[in-house]
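Descriptive structure summary
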Amino acid sequence: MNLVDFLFLVFATLAVGGGVLMIFSRHPVSAAMFMIVSMVSVAGLFVLLESFFLAILQVLVYAGAVMVLFLFIIMLLDVGPEGAKSSKVKLLSGLAGVVCFGILMVLSLILVLDSGPACSSCSVWPSLDEKNLVLGESLVFSTSVKSFGFGLFSKYMLPIQVAGFLLLAAMVGVIILSKKYVGEQNPS
Amino acid sequence: MESITPQYFLILAFLLFGVGFLGVIIRRNLLIVLMSLELMLNGVNIALVTFSRVGLNLDGSLFVFFIMTVAAAEVAVGLALLVALYKKRKSIFSEDATLLHN
């Protein structure tokens, strides 16, 4: 067992374990902490897949921005642990969730393990070619940030502008949603 | 990387997606439902990066970039809606949002 396998096992266990503990923790703050574990492990998996830029983005965006937002909202709302309510609904939704999870897992295992002769290259890692940014019509996978910038500002020029506009729209939407209007009645 | 094949990463991606889906189904605290949505998006991201790495094509990685952008916007709007719901109903449990119930 070499180092990469060991790291994959560690990060995979932490990612899935953090996720499972997150969805079963009663208090939202501990759920947020387990989510940080899961997100940082996913960043580690991105490093194993040689996408270093995406790993940095994952830590910055999820473990940084999104998680701070979640913790801030938890602080603002002052929510406590979830109380036990209506065991019938709980049983029904738990049953539905477990059945859906089982079907999803079986289908995914069939899909992944039975890939057939069409995917003979699916079980090996091709070596990287760092010389070209573009090969024919497609952009070549590379570890450098330069290739990301090249792709974003050539082939994906319109989507990145739409993404920027989406962020602006989200910002305006959040401001309007959380604004207190003058003369608003006290909701009670 | 010899013994860890891309299939392991795909199985992990499906597992993360499934765990997030389970969280969306069984939890009633809307904050944790939003966190589970993030977990599902992360599973999809791992699958996309794996395909991008195996196919030596950068398009998958660029899609992950856009998914992260959309996820950040989605979390911001979702949490603002949650605060608005809390102001109205004094609760963030999904069974208390019953305006359209009957």
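In this text, all values refer to a predicted model and were calculated from it rather than measured experimentally.

As a further point, take the packing of helix H2 (residues 30-54) of chain B against helix H3 (residues 59-89) of chain B. All names here are of chain B. For the pair H2 and H3, the least separation of the axes is 9 Å and the interaxial angle reads 175 degrees. The angle between the axes of H2 and H3 places the two elements in the roughly antiparallel class. For the pair H2 and H3, contact is made by Leu30, Leu31, Leu34, Glu38, Leu41, Val44, Asn45, Leu48, Val49, Phe51 and Ser52 and by Asp59, Gly60, Ser61, Phe63, Val64, Ile67, Ala71, Val75, Gly78 and Leu82, respectively. Here the residues of the contact of H2 with H3 are counted per class, giving 14 nonpolar, five polar and two charged.

Turning to the nonpolar core, a few remarks are in order. Within the largest apolar cluster, 61 residues are counted, with the highest numbers of intra-cluster contacts made by Met35 and Phe46 of chain A together with Ala13, Leu16, Leu31, Met35 and Ile46 of chain B. Of all elements in the fold, only helix H1 (3-24), helix H2 (28-48) and helix H3 (52-77) of chain A together with helix H1 (6-26), H2 and H3 of chain B reach the threshold of two or more residues within this core. When residues in this core are grouped by element, the largest group, 13 residues, is from H2 of chain B. A domain-level breakdown of this core finds at least three residues from each of domain 1 (1-79) and domain 2 (132-179) of chain A. The residues contacting alanine 13 of chain B, other than those within four sequence positions of it, are Gly43, Ile46, Ala47 and Thr50 of chain B.

Glancing now at the interface of chain A and chain B. Interfaces are often sized by the accessible area lost when the parts come together. Listed as interface residues are 71 residues of chain A and, on the opposing side, 63 residues of chain B. The set of elements that each furnish at least two residues to the side of chain A that touches chain B consists of H1, H2, H3, helix H4 (87-113), strand E2 (138-139), helix H5 (145-154) and helix H6 (157-177) of chain A. No other element matches the twelve residues that H3 of chain A contributes to the side of chain A that touches chain B. Broken down by class, the residue content of the side of chain A that touches chain B amounts to 53 nonpolar, 14 polar and four charged.

Chain-level pLDDT for chain B is 88 on average; 97% of the residues reach the 70-or-more range. ipTM for the predicted complex: 0.90, alongside a pTM of 0.87.

For the rest of this paragraph, the subject is unusual backbone geometry. For glutamate 50 of chain A, which is not a glycine, the phi torsion comes out positive at approximately 65 degrees. For glutamate 50 of chain A, the location among the structural elements is in the loop between H2 and H3. Here glutamate 50 of chain A falls in the partly exposed class, since 17 other C-beta atoms lie within 10 Å of it. With a phi angle near 60 degrees, lysine 90 of chain B is a residue other than glycine that sits in the positive phi range. Its place among the elements puts lysine 90 of chain B in the segment after H3.

The next thing to look at is the domain arrangement of chain A. Assigned domains of chain A: these are domain 1 (1-79) and domain 2 (132-179). Between the C-alpha centres of domain 1 of chain A and domain 2 of chain A the distance comes to 23 Å.

Moving on, we come to H1 of chain A. With 22 residues, H1 of chain A extends 31 Å from end C-alpha to end C-alpha; this agrees with the ideal 32 Å at 1.5 Å per step. By the burial criterion, the buried members of H1 of chain A are Phe8, Phe11, Ala12, Ala15, Gly18, Gly19, Met22 and Ile23 of chain A. The buried residues of H1 of chain A all sit within an arc of 135 degrees when viewed along its axis, so they share a single face. The exposed set on the far side of H1 of chain A, more than 90 degrees from its buried face, consists of Leu3, Phe6, Val10 and Thr13 of chain A. On its buried face, H1 of chain A is in contact with H2 of chain A together with H1 and H2 of chain B.

Basis of the calculations
- Residues numbered from 1 in each chain as written.
- Chains lettered and ligands numbered in written order.
- Predicted model: local features only at pLDDT ≥ 70, side-chain atom pairs only at ≥ 80, totals over all residues.
- Axes fitted to C-alpha atoms, helices over the stretch in contact; angles between N-to-C directions.
- Helix = DSSP H or I, 4+ residues; strand = E, 2+ residues; numbered from the N terminus.
- Parallel < 35°, antiparallel > 145°, perpendicular 65-115°, else oblique.
- Contact = placed C-beta atoms within 7 Å.
- Nonpolar A, V, L, I, M, F, W, Y, C, P; charged D, E, K, R; others polar.
- Core = buried A, V, L, I, M, F, W, Y, C linked by C-beta atoms within 7 Å.
- Buried ≥ 20, exposed ≤ 12 C-beta atoms within 10 Å, placed from the backbone.
- Domains from an automatic or database assignment.
- pLDDT = per-residue confidence, 0-100.
- Expected span 1.5 Å × (residues − 1).
- Arc of directions from axis to C-beta.

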